[in-house]
Amino acid sequence: MKISIVCVGKIKEKFFRDAIEEYSKRLGRYTKLNIIEVTDEMTPDGASASLEDQIREKEGARILAKLPQDALIVTLEIAGKNFSSEEFAAWIEDCTVRGKSHICFVIGGSLGLHPSVCKRADLALSFSKMTFPHQLMRVILCEQIYRAFRIIQHEPYHK
Ligand SMILES: C[S@@+](CC[C@H](N)C(=O)[O-])C[C@H]1O[C@@H](n2cnc3c(N)ncnc32)[C@H](O)[C@@H]1O
């Protein structure tokens, strides 16, 4: 199973970069993780709703250009489907059983995902009704993917 994450912008905080690097390293035992960053757009303070939509659209076009053709596309959306960690692991395992060998997760930028990206999703996945900053979301996603592979392999992990 190959895992890609398409996301917007670079990680600015060192502690987030360190956490992502750590989970990427741990995941190396189970899967190849490929993180693809697209350039983010500066959002001026007090930007109008229509400027924000233009920014989302520009970032969305960059995301769409990077989506792998062979992958199942999973967008991270607050209003998406909720899974327990065990259900998430079972979903990943089921992909393998159905012959899907590549999953691509997509995290929006600070303004969220443009509808053109959401339309491409095979699954919209929610990590709760709360809004997380996109940099932290990347860390949480990496941890949950790592946790899923541990569950699939019946290996012990923190409860
Ligand atoms: C700061 S949030 C964007 C907030 C924006 N108002 C929205 O509603 O999408 C940045 C990105 O992180 C991801 N994200 C944040 N919280 C999430 C959650 N609870 N579940 C799933 N994805 C989330 C989404 O991909 C989102 O586009």
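A quick note: this is a predicted structure, and the numbers were derived from the prediction, not measured. Going along each chain's sequence as written, the residues are numbered from 1 onward. Under the rules for a predicted model, residues below a pLDDT of 70 receive no local features and side-chain atom pairs below 80 are neither given nor counted, while totals for whole chains, interfaces and linings still include all residues. With hydrogens and water stripped out, all remaining heavy atoms of the structure feed into the side-chain values.

Once that is clear, we can look at the site of the ligand. We call a residue near a molecule or strand as soon as one heavy atom of that residue lies within 4 Å of the molecule or strand. The ligand sits among 19 residues. The nearest are Leu 76, Phe 127, Ser 128, Met 130 and Phe 132. Here a polar contact means two N or O atoms within 3.5 Å. Within protein one must be a hydrogen donor candidate and the other an acceptor candidate, and residues neighboring in sequence count only if both atoms are side-chain atoms. Phe 127 is positioned with one of its backbone polar atoms (N or O) 2.9 Å from a nitrogen atom of the ligand. Between the ligand and Ser 128, the relevant distance is 2.9 Å, taken from a nitrogen atom to a main-chain nitrogen or oxygen of the residue. Notes on the ligand: free accessible area 560 Å², of which the protein chains cover 80%. Each cavity reported here is a set of points on a 1 Å grid over the protein atoms alone in which a 1.4 Å probe fits but cannot get out, each pocket an open set with protein on both sides within 12 Å along at least five of seven lines, and each lining residue one with an atom within 4 Å of a point. To qualify as sitting in a cavity or pocket, a molecule needs more than half of its atoms within 2 Å of the grid points. Among the detected pockets, the ligand sits in the largest pocket. Elements with a minimum of two residues in the shell around the ligand: strand S3 (72-82), strand S5 (123-126) and helix H5 (134-152). At three residues, S3 tops the list of elements feeding residues into the shell around the ligand. Residue polarity follows a fixed list, in which Ala, Val, Leu, Ile, Met, Phe, Trp, Tyr, Cys and Pro are nonpolar, Asp, Glu, Lys and Arg are charged, and the others, Gly among them, are polar. Within the shell around the ligand, the residues separate by chemical class into ten nonpolar, eight polar and one charged. Here the accessible surface of atoms and residues is derived via Shrake-Rupley with a 1.4 Å probe, and residues count as covered only by protein chains that are part of the display. Note on conventions: DSSP H or I runs of at least 4 residues are helices, E runs of at least 2 residues are strands, and numbering of each starts at the N terminus.

What follows covers H5. Multiplying 1.5 Å by the helix residue count minus one yields the expected span of that helix. With 19 residues, H5 extends 27 Å from end C-alpha to end C-alpha; this agrees with the ideal 27 Å at 1.5 Å per step. Exposure is judged per residue with a 1.4 Å probe applied to protein chains only, and the accessible area is read against the type maximum: over 50% gives exposed, under 20% gives buried, and values in between give partly exposed. With 16 of 19 residues buried, H5 lies mostly within the body of the structure. Looking one or two residues beyond H5, the residue adopting positive phi is His 154, at roughly 55°.

Time to look at the pairing of strand S2 (residues 32-38). Here strand S1 (residues 2-8) runs beside S2; their pairing, made up of seven bridges, is parallel. Bridge pairing links Ser 4 to Asn 34 in S2. Looking down the strands as they point away from you, a crossover is right-handed if its path from the first strand over the helix to the second goes clockwise. Each parallel crossover has a hand, and the one from S1 via helix H1 (residues 14-27) to S2 is right-handed. Pairing between strands is defined by DSSP: at least two bridges between the two strands are required.

Glancing now at the UniProt feature "binding site: S-adenosyl-L-methionine" (unreviewed entry) in the protein. Mapped onto the present numbering, the UniProt feature "binding site: S-adenosyl-L-methionine" (unreviewed entry) falls at Leu 76, Gly 108, Phe 127, Ser 128, Lys 129, Met 130, Thr 131 and Phe 132. The annotated residues named above include Leu 76, Gly 108, Phe 127, Ser 128, Met 130, Thr 131 and Phe 132 as those lining the largest pocket. Residue placement: Ser 128 occurs in the loop between S5 and H5. Judged by relative accessible area, which is 23%, Ser 128 ranks as partly exposed. Contacts are assigned to residue pairs with any non-hydrogen atoms lying within 4.5 Å of each other. Ignoring any residue separated from it by four or fewer positions in sequence, one finds Ser 128 in contact with Ile 78 and Asn 82. With respect to the helices, strands and loops of the structure, Phe 132 is situated in the loop between S5 and H5. Contacts of Phe 132, omitting those with residues within four sequence positions, involve Phe 127, Met 137 and Ile 140. UniProt positions are given in the numbering used here, feature names are shortened, and annotations may be inferred rather than shown by experiment.

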